[in-house]
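# An overview of the molecular structure
Chain by chain, the residues:
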Amino acid sequence: MTDVEIKKGLAGVTVDYTAISKVNPETNSLLYRGYPVQELAATQSFEAVALLLWNGELPTAEELRAFEEYERANRDLDDAVRTVIDLLPLEAHPMDVLRTAVSVLGASAAGVDDNSPAADLAKAKLLFAKIPAMVAYDQRRRRGEALIEPRADLDYARNFLWMTFGEDPDDVVARAFTVSMVLYAEHSFNASTFTARVITSTTADLYSAVVGAIGALKGALHGGANEAVMHILDEIGSAENVGPWLDAALAEKRKIMGFGHRVYKKGDSRVPTMKAALDTLVEHYGAGDLAALYDALEAEFVGRKGIYPNLDYPSGPAYHLMGFDTLTFTPLFVAARVTGWTAHVREQAASNALIRPLSAYNGPDERHIEGYVASE
Ligand code: ACO
């Protein structure tokens, strides 16, 4: 054994600078390129926030218009991607389907190994435009429904909802969806973003980094928590069941999904904004029972453990009310976070150092294969 200090889970370790976002757990604040995320959610489209994350500044009207035009012209499902999705079993987890679909897009794209800043920005924009069709189509095929072609007269959020449900979305729903995308877009060196940076640090291409990041996001301790929140709300059923359910869950030492955070210990800066969006959906859909269950679990768990909700707690039920299948929730997180991941890929590439930490060996002492004699 060695006496080096181990920083399990890299907790508390600062590994690099970033100019993309600032998480301040003391003041419960989150800034994207200096702007409070609440202000961005209240005033900007997701398209504008993506440009802010990639370029460092909010777009001019002309820059935004050009990007919107590009996104609308590239939001269809590629033939190769559709062919591969159709080969996958309907039981495949949508995160596995999306990971595969992004991989197919990367393998069939031109200039995949051009890691110049301009090429990486072009790849980031392509992924931004293409991922909604992958997510929407996968949910539809699992429901036995046909592909819906995108509509160029709709913005990103409305088109995403259109391709998923085949209906013109209500303003309240489109607004709440945009808020969720903006809030999920970026969050410094979380596990999936760090994964993307590790892959980039080897000089592998941006698609490889995004495929790896999707794998990291799938887990229930990270992005998979929004899906897991809905499973526990379904399991509890109604507000009256919260107390006994929590007694049993805590006795079994279960983690209560949607609560707790590695960085925020006094509450997640994004929750009030997403909760307000959830409230608008609750009113729109008349979902008082779900709201009562949500409030009861939060009050009971925070009261007992002093562990606060994270963004996945309000976003899970919000996506449920919008009509998404529970299994589709984490792919929605991907559609948002691909903006932050790709901003970090570009930042990592711009001042790269191979990410390669040390380990302390605690296996058997040196030993030898019986009868082995080294040859001369
Ligand atoms: N339910 C029950 N207990 C919890 C929870 C929870 N959700 N979160 C933390 N705790 C407890 C732990 O059991 C531990 O207790 P102990 O000291 O008695 O062993 C203590 O609080 C510290 O928890 P850790 O897991 O060590 O804290 P860490 O900083 O590593 O974990 C994490 C953060 C992984 C997010 C954790 O809070 C968790 O598992 N939460 C549930 C999953 C979740 O919601 N993830 C989403 C993260 S946010 C996002 O991706 C947008």
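Counting from 1, residues in each chain are numbered in the order their sequence is written. Note on the predicted model: pLDDT of at least 70 is required for a residue's local features to be given, and 80 or more for side-chain atom pairs to be given and counted; whole-chain, interface and lining totals, by contrast, use all residues.

### Observations concerning the overall build of the chain
Helix and strand definitions follow DSSP, with helices as H or I runs of at least four residues and strands as E runs of at least two, each counted in order from the N terminus. A count of helices and strands for the chain gives 16 helices and three strands. For 376 residues, the compact-globule estimate of 2.2 N^0.38 gives 21 Å, and the C-alpha radius of gyration of the chain, at 22 Å, lies within 12% of that figure. Viewed in the frame of its principal axes, the chain has a C-alpha envelope of about 80 × 55 × 45 Å. Placing C-beta atoms from the backbone, we regard two residues as in contact once those atoms come within 7 Å. In the chain, the share of contacts with a sequence separation of at least 24, taken over all contacts with a separation of at least 6, comes to 78%. In this setup the radius of gyration rests on C-alpha atoms only. A globule is expected at 2.2 Å times the number of residues raised to 0.38.

### Some words on the sheet that holds strand E2 (residues 29-32)
Pairing within the open sheet is antiparallel, and its three strands lie in the order E1-E2-E3. Among the strands making up the open sheet, the edge pair consists of strand E1 (21-24) and strand E3 (35-36). At least two DSSP bridges between two strands are required for those strands to pair. Here E2 runs beside E3; their pairing, made up of two bridges, is antiparallel. By the bridge assignment for E3, Leu31 is matched with Pro36.

### Points about the pairing of E2
In summary, the side chains of a regular strand alternate between the two faces of the sheet. The burial criterion counts other C-beta atoms lying within 10 Å of a residue's C-beta, which is placed from the backbone; the residue is buried at 20 or more, exposed at 12 or fewer, and partly exposed between these limits. Residues Leu30 and Tyr32 point to one face of E2 and are all buried, whereas Ser29 and Leu31, pointing to the other face, are not buried. Pairing between E1 and E2: four bridges, direction antiparallel. Counterpart to Ser21 in the pairing with E2 is Tyr32. With antiparallel pairing between neighbouring strands as the criterion, E1 and E2 make up a hairpin whose turn holds four residues, including Asn28 at a positive phi of roughly 50 degrees. Counting the residues between successive antiparallel strands, the hairpin from E2 to E3 contains two residues, one of them, Arg33, with a positive phi of roughly 50 degrees.

### Focus on the site of the ligand
Around the ligand there are 17 residues in total, and Ala225, Phe259, Gly260, Arg262 and Asn310 lie nearest to it. Tallied by class, the residues present in the shell around the ligand amount to seven nonpolar, seven polar and three charged. Only the C-beta atom matters for nearness: placed from the backbone, it must lie within 6 Å of the molecule or strand for the residue to count as near. We call Asp, Glu, Lys and Arg charged. Ala, Val, Leu, Ile, Met, Phe, Trp, Tyr, Cys and Pro are nonpolar, and the rest, Gly among them, are polar.

### Points about the nonpolar core
With 97 residues, the main nonpolar core has Val182 and Val210 as its most contacted residues. Residue contributions to this core peak at 11 residues, all from helix H6 (residues 117-142). Those residues within four positions of Val210 in sequence are excluded, and the remaining contacts are Val102, Leu127, Ala196, Val338, Trp341 and Thr342. By convention in this section, buried Ala, Val, Leu, Ile, Met, Phe, Trp, Tyr and Cys residues joined through C-beta atoms within 7 Å make up a nonpolar core.

### Some remarks on unusual backbone geometry
Backbone geometry places Ser188, a non-glycine residue, at a positive phi of 50 degrees. Structurally, the position occupied by Ser188 is in the loop between helix H8 (171-184) and helix H9 (191-201). Even without being glycine, Thr203 reaches a positive phi, approximately 75 degrees. As for its position among the elements, Thr203 is in the loop between H9 and helix H10 (206-218).

### A short note on the environment of Tyr184
Position of Tyr184 relative to the elements: it lies in helix H8. Separated by 127 residues in the primary sequence, Tyr184 and Leu311 place their C-alpha atoms 8.0 Å from one another.

### Brief notes about helix H13 (residues 271-285)
In this model, H13 (15 residues) spans 20 Å end to end at C-alpha, consistent with the 21 Å of a helix rising 1.5 Å per residue. When H13 is considered as a whole, its buried residues turn out to be Val271, Thr273, Met274, Lys275, Ala277, Leu278, Leu281 and Val282. Its buried side turned inward, H13 meets helix H1 (37-43), H8, helix H14 (288-305) and helix H15 (312-322). Positive backbone phi, at 60 degrees, marks Gly286, one or two positions downstream of H13. A helix is expected to span 1.5 Å multiplied by its residue count minus one.

### Quick word on the environment of Ala122
Turning to its location among the elements, Ala122 is positioned in helix H6. For Ala122, a count of 17 C-beta atoms within 10 Å puts it in the partly exposed group. For the pair Ala122 and Ala360, spaced 238 residues apart in sequence, the C-alpha to C-alpha distance is 41 Å.

### Observations regarding the confidence of the model for the chain
The pLDDT value tells you how sure the predictor is about a given residue, anywhere from 0 up to 100. The predicted model of the chain has a mean per-residue pLDDT of 96, with 99% of residues at 70 or higher. For this predicted complex, the interface confidence reaches an ipTM of 0.97, while the overall pTM sits at 0.96.

### A few points about helix H5 (residues 94-108)
For H5, built from 15 residues, the straight-helix expectation of 21 Å at 1.5 Å per residue is met to within 8% by its first-to-last C-alpha distance of 21 Å. Buried within H5 are the following residues: Pro94, Met95, Val97, Leu98, Arg99, Ala101, Val102 and Leu105. Tucked inside the fold, the buried residues of H5 contact helix H4 (79-87), H6, H10 and helix H16 (329-350).

### Considering the packing of helix H7 (residues 156-165) against H8
For the pair H7 and H8, the least separation of the axes is 9 Å and the interaxial angle reads 110 degrees. Overall, the two elements H7 and H8 adopt an arrangement that is roughly perpendicular. From H7, Ala157, Arg158 and Leu161 reach across to H8, where they touch Val173, Ala174, Phe177, Thr178 and Met181. For helices, the fitted line uses only the C-alpha atoms of the stretch in contact; every axis is such a line through C-alpha atoms, and the angle between N-to-C directions lies from 0 to 180 degrees. Orientation is classified from the angle alone, with under 35 degrees giving roughly parallel, over 145 giving roughly antiparallel, 65 to 115 giving roughly perpendicular, and any other angle giving oblique.

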